[in-house]
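Summary of the model geometry
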Amino acid sequence: DTEVTQTPKHLVMGMTNKKSLKCEQHMGHRAMYWYKQKAKKPPELMFVYSYEKLSINESVPSRFSPECPNSSLLNLHLHALQPEDSALYLCASSSTIDQPQHFGDGTRLSIL
Amino acid sequence: AQSVAQPEDQVNVAEGNPLTVKCTYSVSGNPYLFWYVQYPNRGLQFLLKYITGDNLVKGSYGFEAEFNKSQTSFHLKKPSALVSDSALYFCAVSVPHGNNRLAFGKGNQVVVIP
């Protein structure tokens, strides 16, 4: 069992839909991350929240909108996605930079 | 900026034989080094880390890694591979004051042959 919980596990959506991915951790970590991962490739950093504030946006298209409602929750709002956005979306959290990031099992997103 | 190289795409090893997965890094300053493993349809699982101190670090599932500053390497090793070790392995590096950014290598697929 992972300590970072992501929902849903799978999501299929059309290009005009709006959906949200959710991530939750109760380890007291103050940094939370969104990554995009294609098959057999390393995770690509999308966003970093530190103490509930957005600290890194890796030039991600605006059709991806992150939100950090509180220190335990992280959302990723999706709108008007493209087929190339189909991927595994991973959430992670960490306490400090010298400690490992803890990953959830991801949401597998398919865009029709 | 920090970077990681994992030179091999796939590592094949017979069950019971030693397993080595190679990693070299490039950073300005002292590195924080990590190994993660990913099984199919799962997230990344932390195996071990080097921050400071003893160059030989031991981690989960019998894995260990040796930090070599002169060769800027952090190779992952296991004395006797199991079929269940077949997975995708990622080396990663960050630096102090690095804004929580973790740089990953491209990954190595490990196949343990029964």
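In this report, the structure presented in the accompanying data block is examined. On a predicted model such as this, the values are computed, not experimentally measured, just so you know.

Moving on, we get to the overall build of chain B. Per the secondary structure count, chain B includes zero helices and 12 strands. Going from N to C terminus, chain B has its helices and strands arranged as β-β-β-β-β-β-β-β-β-β-β-β. For 114 residues, the compact-globule estimate of 2.2 N^0.38 gives 13 Å, and chain B sits close to it at 14 Å. Principal-axis analysis of the C-alpha atoms places the extent of chain B at approximately 45 × 30 × 20 Å.

Facing the 26 residues of chain A at the interface are 24 residues of chain B. Counting across the chain A and chain B interface gives two salt bridges. Residues R42 of chain B and D105 of chain A are paired through a salt bridge, measuring 3.0 Å at the closest nitrogen-oxygen approach. For the pair chain A and chain B, the interface holds seven residue pairs in polar contact (both at pLDDT 80 or more). A per-element tally of the side of chain A that touches chain B places strand β4 (residues 31-37) of chain A first, with four residues. The residue inventory of the side of chain A that touches chain B, partitioned by class, reads 13 nonpolar, seven polar and six charged.

The sheet contact formed by strand β5 (residues 44-50) of chain A and strand β6 (residues 53-57) of chain A spans four bridges and is antiparallel. Note that in β6 of chain A the partner of V48 of chain A across the bridge is I56 of chain A.

This brings us to the sheet that holds strand β8 (residues 73-79) of chain A. Residues and elements named next belong to chain A. Taken in spatial order, the four strands line up as β1-β3-β8-β7 in an open sheet, and their pairing is antiparallel. Of all strands in the sheet, those bounded by a partner on one side alone are β1 (4-7) and β7 (64-70). The sheet shows a mean angle of 20° between the axes of neighbouring strands, taken without regard to direction. Alignment of β1 against strand β3 (residues 18-25), held across four bridges, turns out to be antiparallel.

Looking now at the packing of aromatic side chains. For the structure on display, the rule yields 13 aromatic pairs over all chains. Between Y36 of chain B and F46 of chain B, the aromatic rings sit 6.1 Å apart at their centres with planes inclined by 65°, giving edge-to-face as the arrangement. Of this pair, Y36 of chain B sits in strand β5 (residues 32-38) while F46 of chain B sits in strand β6 (residues 44-50), and the two are 10 residues apart along the sequence. For Y36 of chain B, a relative accessible area of 0% corresponds to the buried category. With a centroid separation of 6.1 Å and 50° between ring planes, the pair formed by Y36 of chain B and F104 of chain B is classed as tilted. With Y36 of chain B in strand β5 and F104 of chain B in strand β11 (residues 103-104), this pair connects stretches of sequence that are 68 residues apart. Following the ring pairs from residue to residue traces out a cluster consisting of Y33, Y35 and F103 of chain A together with F34, Y36, F46, F90 and F104 of chain B.

What follows covers the pattern of salt bridges. Residue and element names in this part refer to chain B. The tally for this structure, following the rule as stated, stands at seven salt bridges over all chains. For the salt bridge of K106 with D9, the shortest nitrogen-to-oxygen distance reads 2.6 Å. Residue K106 is located in the loop between β11 and β12 (108-113), and its partner D9 is located in the loop between β1 (3-5) and β2 (10-14); the two are separated by 97 residues in the primary sequence. For D9, a relative accessible area of 55% puts it in the exposed group.

The next point concerns the pairing of strand β9 (residues 73-78) of chain B. All names here are of chain B. Bridge analysis of strand β3 (residues 19-21) against β9 gives three bridges, and the strand direction is antiparallel. Note on β9: the bridge partner recorded for T20 is K77. With five bridges connecting them, strand β8 (residues 64-68) and β9 associate as antiparallel partners. Residue pairing in the sheet places A65 in a bridge with L76 of β9.

Procedures and definitions
- Residues numbered from 1 in each chain as written.
- Chains lettered and ligands numbered in written order.
- Predicted model: local features only at pLDDT ≥ 70, side-chain atom pairs only at ≥ 80, totals over all residues.
- Heavy atoms only, no water.
- Helix = DSSP H or I, 4+ residues; strand = E, 2+ residues; numbered from the N terminus.
- Rg over C-alpha atoms; globule rule 2.2 N^0.38 Å.
- Contact = heavy atoms within 4.5 Å.
- Salt bridge = Lys/Arg side-chain N within 4 Å of Asp/Glu carboxyl O.
- Polar contact = N/O pair within 3.5 Å; in protein donor to acceptor, adjacent residues only side chain to side chain.
- Nonpolar A, V, L, I, M, F, W, Y, C, P; charged D, E, K, R; others polar.
- Pairing = 2+ DSSP bridges.
- Axes fitted to C-alpha atoms, helices over the stretch in contact; angles between N-to-C directions.
- Phe/Tyr/Trp six-rings, centres within 6.5 Å; stacked < 30°, edge-to-face > 60°.
- Buried < 20%, exposed > 50% of the residue type's maximum accessible area, 1.4 Å probe, protein only.

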